[in-house]
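Each chain, letter by letter, is given below.
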Amino acid sequence: MAASVLTLILAGGEGERLSILSHVRAKPGVPFGGKYRIIDFALSNAVNSGLTDVAVLTQYAPRSLIGHIGLGRPWDLDRSRGGVSLLQPFIGRGRARDWYRGTADAVLQNVDFVRDRDPELVLVLAGDHVYKMDYRPFIELHRSRQAEITVAVRTVPIEEAHRFGILDVDVDGRVTAFIEKPAQPPSNLVSMGVYVFSWPALREVMRPDRIDFGRDILPAMVNDGRRVYAYEFGGYWEDVGTIESYWRTNLDLLSDEPGIDLNDLGWLVYTRSEERPPAQIGGHAVVRRSMVSHGCVIDGTVEHSVLSPGVRVETGAVVRDSIVMFDTVVSAGAVIDRAIIDKNCQIGPGAVVGDTDDLRPNRDEPERLYAGITLVGKLARVPGKISIGRNCRIDPGVTEAEFGRRRVIPSGATVTTAG
């Protein structure tokens with residue numbers, strides 16, 4: 001099966017709902033679960049399903065993502081036949097545009113790559129979802145129905161359904177209606193953004209005015225009476241497209257029975273790992289229900305938190321209900337509570353990030369920062385003995401100078417760089 005299936009992972013989205021976490025990197029390249037990146041789940045699913053001809057379509061801020069994937073060695077995709085290809089927007093002869101306008105347009109602009117492979121089937125995946133899925137039953141059902149496209153679907157809470165494409169399906173599993181992200185969803189059966197196309201059908205339906213699979217391609221195929229089927233997936237799946245869902249999904253890994261088991265040796269999630277020493281837990285450290293990655297040095301208290309490699313928590317510091325990314329230092333006496341701290345940050349001695357019970361939304365991003373979670377961007381320097389409230393945004397690269405003489409940053413505030 002593997003030789004006849006080409007897997008395309010769409011990894012070019014800007015991911016604006018993740019605020020400053022995706023300012024410096026593509027959304028699929030955002031760290032997750034300590035040592036991983038979000039795209040690792042789609043890549044690992046493909047490899048574990050025996051699919052080894054994979055192309056990753058990048059676009060927005062791709063440097064971190066490209067560096068992470070490299071030649072594909074962690075996923076055993078560094079091979080002369082098949083393997084992983086990284087495809088970026090380009091200016092072609094006689095074509096003015098060079099930027100992907102949507103998911104379908106991204107595939108259309110790389111149609112020559114697909115044509116050269118001449119696959120039987122094209123598996124299209126979003127690169128920004130957290131889940132484990134064996135694609136083989138999905139593909140076999142597509143074949144058995146002689147479908148032109150099969151859409152992976154699942155149910156979600158009705159209050160979240162407006163974020164997704166909504167389907168109606170008849171008793172035979174055929175899709176009879178598709179509506180992309182309606183304000184008032186008629187049901188909670190949603191598309192996962194995972195599709196398998198028969199290549200001849202995909203070639204026929206792609207055209208320049210159809211720029212998105214959910215908004216354009218799927219409704220057109222359903223309305224034209226083409227053979228569109230649904231495959232109901234019953235496993236764990238999370239679209240970590242918002243700050244709240246990203247924070248919650250990370251911390252869900254710490255539960256007694258997490259939705260996705262990273263210790264499952266039968267379905268490993270592969271990633272690019274740096275060589276680091278084992279984590280070191282000091283004599284006065286306290287660590288409870290947390291994930292502590294290699295290279296961490298813990299001399300303070302860590303409770304219900306996820307720490308990426310190289311994080312230091314100094315004596316008297318407390319990290320609680322938080323995500324702390326690579327090589328950040330939480331200095332002595334500092335407190336981090338219900339926060340997300342990006343890579344290479346310095347939290348000064350005695351600083352408090354996530355203080356007070358004031359939950360006013362962020363003044364600049366009220367629709368993204370409203371759940372009491374404070375963000376500290378990559379390379380930020382938070383001065384000592386300062387109190388930062390809830391729903392605050394400390395922008396990437398902020399230095400102590402940008403805080404001025406302020407000792408309190410109230411809930412909902414933003415601290416940005418002078419430049």
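Everything below is about the structure shown above.
Overview of the structure.

1. A few points about the overall build of the chain
- Helix and strand counts for the chain come out as nine helices and 33 strands.
- The globule rule puts the C-alpha radius of gyration for 419 residues at 22 Å, and the 22 Å found for the chain is close to it.
- Its C-alpha atoms give the chain principal-axis dimensions of about 65 × 45 × 45 Å.
- Every one of the 419 residues in the chain was classed for burial, and the buried ones make up 57%.
- Partitioning the contacts of the chain with sequence separation of at least 6, the portion at a separation of at least 24 is 58%.

2. Things to note about the sheet that holds strand S19 (residues 306-307)
- The strand order across the open sheet formed by seven strands is S16-S19-S22-S25-S28-S31-S33, and the pairing between neighbours is parallel. Looking at the sheet topology across the chains shown, the edges are occupied by strand S16 (291-292) and strand S33 (414-415).

3. Describing the state of the cysteines
- All told, the structure shown has zero disulfides when counted by the stated rule.
- Cysteine Cys296 remains unbridged, with the sulfur of Cys345 as its closest cysteine sulfur at 14 Å.
- Taking the relative accessible area as the measure of exposure, Cys345 reaches 2% and is therefore buried.

4. What to know about helix H1 (residues 39-48)
- Burial within H1 is extensive, with ten of its ten residues counted as buried.
- Considered for burial, the residues of H1 that qualify are Ile39, Asp40, Phe41, Ala42, Leu43, Ser44, Asn45, Ala46, Val47 and Asn48.
- Phi turns positive one or two residues past the end of H1, at Gly50, with a value near 80 degrees.

5. Description of the pairing of strand S5 (residues 83-87)
- Burial runs high along S5: four of the five residues are buried.
- Pairing of strand S4 (residues 53-58) with S5, which is carried by five bridges, proceeds in the parallel orientation. Looking across to S5, one finds that Val56 is bridged to Leu86.

Calculation criteria
Residues numbered from 1 in each chain as written. Predicted model: local features only at pLDDT ≥ 70, side-chain atom pairs only at ≥ 80, totals over all residues. Heavy atoms only, no water. Helix = DSSP H or I, 4+ residues; strand = E, 2+ residues; numbered from the N terminus. Rg over C-alpha atoms; globule rule 2.2 N^0.38 Å. Buried < 20%, exposed > 50% of the residue type's maximum accessible area, 1.4 Å probe, protein only. Contact = heavy atoms within 4.5 Å. Pairing = 2+ DSSP bridges. Disulfide = S-S within 2.5 Å.

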